[in-house]
Amino acid sequence: MEQRIIQLYPQPGGKQPLKGSYLAHNLRQFAAQDQIYVYTNFIASLDNRIAISRDGKNGMEIPQSITNDHDWWLFQELASQADIIISSGRYLREWAQGNAQEILQVDNPEFAELRDWRLSQGLPPQADIAIISNNLQFPVPNVLTATGRKAFVFTTTDAKPSRIREIEKKGIPVIVAGDQNGVSGTTMINYLTERNYRIVFSSAGPKILHLLIASKILNRLYFTHTSRILGGEHYAGIVEGPLLETAADFGLYTLYLDPTGPGGQNQLFYAFDRQ
């Protein structure tokens, strides 16, 4: 049976297929010739946990009790529209440990229609990838640049020159785009703009979301809110970093109700535009 969701905003709403809901947002229409469009996506519990401690060990993971096929499909629809995907050194470390999966799963038969959609738009099967890392302490798997996909690493002046050379020997440019305070979002976006990237999807975590908001380069926030409370003392929220000098305002773009989310509980799919 085809999964259906209910559009609550804008009105008039009504039921519609889950599949295609985010493709219909047509994010590529928002990019100007000389300006990048940046968006991101998170899923959280009702008490705003996006990640919890992994079995009392170091590191965080998305709670399995809120992950679900409906949200994951819409995530793939968002990733499928991107020219380049922002990730982090932490993601590559978890990938090497077997705790992460390919962001854009175009080789998975389940998402074959999204691969076909990219090809129909004149896009390569895989989006390129930009890695943000202050210390470059991550492995560089060969699959990162497989099938001709380009990768870039953005780092700071604190990075060891020897480590920069190691990464660049693998054919991946390393761009020093910040100082001890971290990577500059503006410098990164200017670099990507000069290389004709226009649609940028951030699949990274709360620290990079803070970077994008503080740099005033985030255009849209997609947010899935599941109807489950998790509790716990060690967790991550949607954004992590110093208090923003000016609070970031967002306006509701769309809101959908999914009546059959995790465990049969409902969940809400929000999209907010930066104002």
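For the structure, see preceding data.
One structure accompanies this document, and this report is about it. Note that this is a predicted model, so its numbers are computed, not measured.

### Here's the deal with the side chain of His210
In this structure, His210 sits in helix H6 (residues 206–214). Here His210 is in contact with Val239, Glu240, Gly241, Pro242 and Leu244, once residues within four sequence places are set aside.

### Structural notes on the nonpolar core
With 35 residues, the main nonpolar core has Ile86, Phe154, Met188, Leu192 and Leu212 as its most contacted residues. Residue assignment for this core shows that the elements contributing at least two residues are strand E3 (37–44), strand E6 (84–88), strand E7 (128–132), strand E8 (151–155), helix H5 (185–194), H6, strand E13 (220–226) and strand E16 (267–274). Examining the composition of this core, we find that 5 residues originate from one element, H6, more than from any other. Excluding residues within four positions of it along the chain, Ile86 makes contact with Ala130, Ile132, Met188, Val200, Phe201, Ser202, Ser203, Ala204, Ile208 and Leu212. In this structure, Trp73, Ile85, Phe111 and Ile199 belong to the second largest nonpolar core, which totals 25 residues.

### Notes on the pattern of salt bridges
On inspection of all chains with the given rule, the structure shows 6 salt bridges. The partner of Glu113 in a salt bridge is Lys19, and the shortest N-O contact between them spans 3.6 Å. Taken together, the positions of Glu113 in helix H3 (residues 112–120) and Lys19 in the loop between strand E2 (14–17) and E3 put the pair 94 residues apart, joining distant regions of the chain. A residue is classified by how much of its surface remains accessible, and Glu113, at 43% relative accessible area, is partly exposed. Taking relative accessible area as the criterion, Lys19 reaches 46% and is therefore assigned partly exposed. The shortest N-O distance in the salt bridge between Asp83 and Arg28 comes to 2.9 Å. Here Asp83, found in the loop between helix H1 (69–80) and E6, pairs with Arg28, found in the loop between E2 and E3; they are 55 residues apart in sequence, far enough to count as distant. Assessed through its relative accessible area of 13%, Asp83 is described here as buried. Among the residues examined, Arg28 registers a relative accessible area of 26% and is labelled partly exposed.

### With respect to the sheet that holds strand E9 (residues 174–176)
An order of E2-E1-E15-E16-E13-E3-E12-E6-E7-E8-E9 is seen for the 11 strands of this open sheet, with the pairing classed as mixed. Every interior strand has two partners, whereas the edge strands, E2 and E9, have only one. Going from strand to strand, the sheet's axes swing by 25° on average, the running direction of each strand aside. Bridge count between E8 and E9: 3 bridges; the pairing is parallel. For Thr155, the partnering residue across the bridge sits in E9 and is Val176.

### Thoughts on H6
In terms of burial, H6 is a largely internal element, 7 of the 9 residues being buried. Residues of H6 that are buried include every one of Pro206, Ile208, Leu209, His210, Leu211, Leu212 and Ile213, and no others. Of the residues flanking the end of H6, it is Lys216, one or two places downstream, whose phi is positive at about 60°.

### Here we look at unusual backbone geometry
Glycine aside, the phi torsion of most residues is negative, and most peptide linkages are trans. Between Tyr9 and Pro10 the backbone carries a cis peptide bond, its omega angle lying at 0°. By the secondary structure assignment, Pro10 is in the loop between strand E1 (4–9) and E2. Look at the link from Gln11 to Pro12: it is a cis peptide, with omega at 0°. On the secondary structure map, Pro12 appears in the loop between E1 and E2.

### Points about the packing of H1 against H3
Helices that pack against each other are described as a pair by the angle of their axes relative to one another and the distance between those axes. Two elements in contact, H1 and H3, have axes whose closest approach is 10 Å; the angle formed by their N-to-C orientations is 20°. On the basis of the axis angle, H1 is roughly parallel to H3. As for the relative orientation of H1 and H3, their crossing is right-handed in sense. Seen from H1, the contacting residues are Trp73, Gln76, Glu77, Ala79 and Ser80; seen from H3, they are Glu113, Leu114, Trp117 and Arg118. In terms of residue class, the contact of H1 with H3 is built from 4 nonpolar, 2 polar and 3 charged.

Calculation rules
Residues numbered from 1 in each chain as written. Predicted model: local features only at pLDDT ≥ 70, side-chain atom pairs only at ≥ 80, totals over all residues. Heavy atoms only, no water. Helix = DSSP H or I, 4+ residues; strand = E, 2+ residues; numbered from the N terminus. Contact = heavy atoms within 4.5 Å. Core = buried A, V, L, I, M, F, W, Y, C linked by side-chain atoms within 4.5 Å. Buried < 20%, exposed > 50% of the residue type's maximum accessible area, 1.4 Å probe, protein only. Salt bridge = Lys/Arg side-chain N within 4 Å of Asp/Glu carboxyl O. Pairing = 2+ DSSP bridges. Axes fitted to C-alpha atoms, helices over the stretch in contact; angles between N-to-C directions. Parallel < 35°, antiparallel > 145°, perpendicular 65-115°, else oblique. Left-handed = near helix turned anticlockwise from the far one by under 90°. Nonpolar A, V, L, I, M, F, W, Y, C, P; charged D, E, K, R; others polar.

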